[in-house]
Amino acid sequence: MEGGPIKALAEIKERFQAEVIFAYLCEAHAVDTWPLSPEGRASHKSMEDRREAVAAFLARFPEFHALVSAVVVDDMTDATTVANGLWPERWVVLEDGVVRWTSSLA
């Protein structure tokens, strides 16, 4: 997440005076469901697990964290993820509560 994406996000934030809201979802590559690395996290079993995961993510990427205005965490039913097709990762641009752009699913 370093370099290009951070720079682009910072430019968008500055150019459009935008807020960056980070929505943390279910663990996309949990070691107990779809492992990509043995160092990955296990599936979240509680909201506390999710909050710990988001804190670790933001600590790992301080340049991204500095751009974030607010953090929201999907609930354990993954309602936001499912309703909006956000898994495993999506970028969404809202204006006055209306979706104006989303990243590709590809």
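Above: the structure in question.
Residues numbered from 1 in each chain as written. Predicted model: local features only at pLDDT ≥ 70, side-chain atom pairs only at ≥ 80, totals over all residues. Heavy atoms only, no water.

Participant: Summarise helix α1 (residues 4–16); cite the residues concerned and give the values.
Facilitator: Between the first and last C-alpha of α1 there are 18 Å, a value that for 13 residues agrees with the 18 Å anticipated at 1.5 Å per step. Gln17 sits one or two residues past α1 and shows a positive phi near 50°. (Helix = DSSP H or I, 4+ residues; strand = E, 2+ residues; numbered from the N terminus. Expected span 1.5 Å × (residues − 1).)

Participant: Quick rundown of the nonpolar core? Include the residues and the values.
Facilitator: Core analysis: the largest hydrophobic core is formed by 12 residues, namely Ile6, Leu9, Val20, Phe22, Tyr24, Ala53, Val54, Leu58, Phe61, Phe64, Leu67 and Val68. Listed by contribution, the elements that provide at least two residues to this core are α1, β1 (20–24), α2 (47–60) and α3 (62–67). Dropping the residues within four chain positions of it, Leu58 is found in contact with Phe22, Phe64, His65 and Val71. (Core = buried A, V, L, I, M, F, W, Y, C linked by side-chain atoms within 4.5 Å. Buried < 20%, exposed > 50% of the residue type's maximum accessible area, 1.4 Å probe, protein only. Contact = heavy atoms within 4.5 Å.)

Participant: Account for unusual backbone geometry, naming residues and giving values.
Facilitator: The residue Gln17 is not glycine, and still its phi comes out positive at about 50°. Within the element layout of this structure, Gln17 appears in the loop between α1 and β1. Residues other than glycine seldom take positive phi values, yet Asp96 does so here, at roughly 50°. Locating Asp96 in the fold gives a position in the loop between β3 (92–95) and β4 (98–102). Judged by its relative accessible area of 76%, Asp96 falls in the exposed class.

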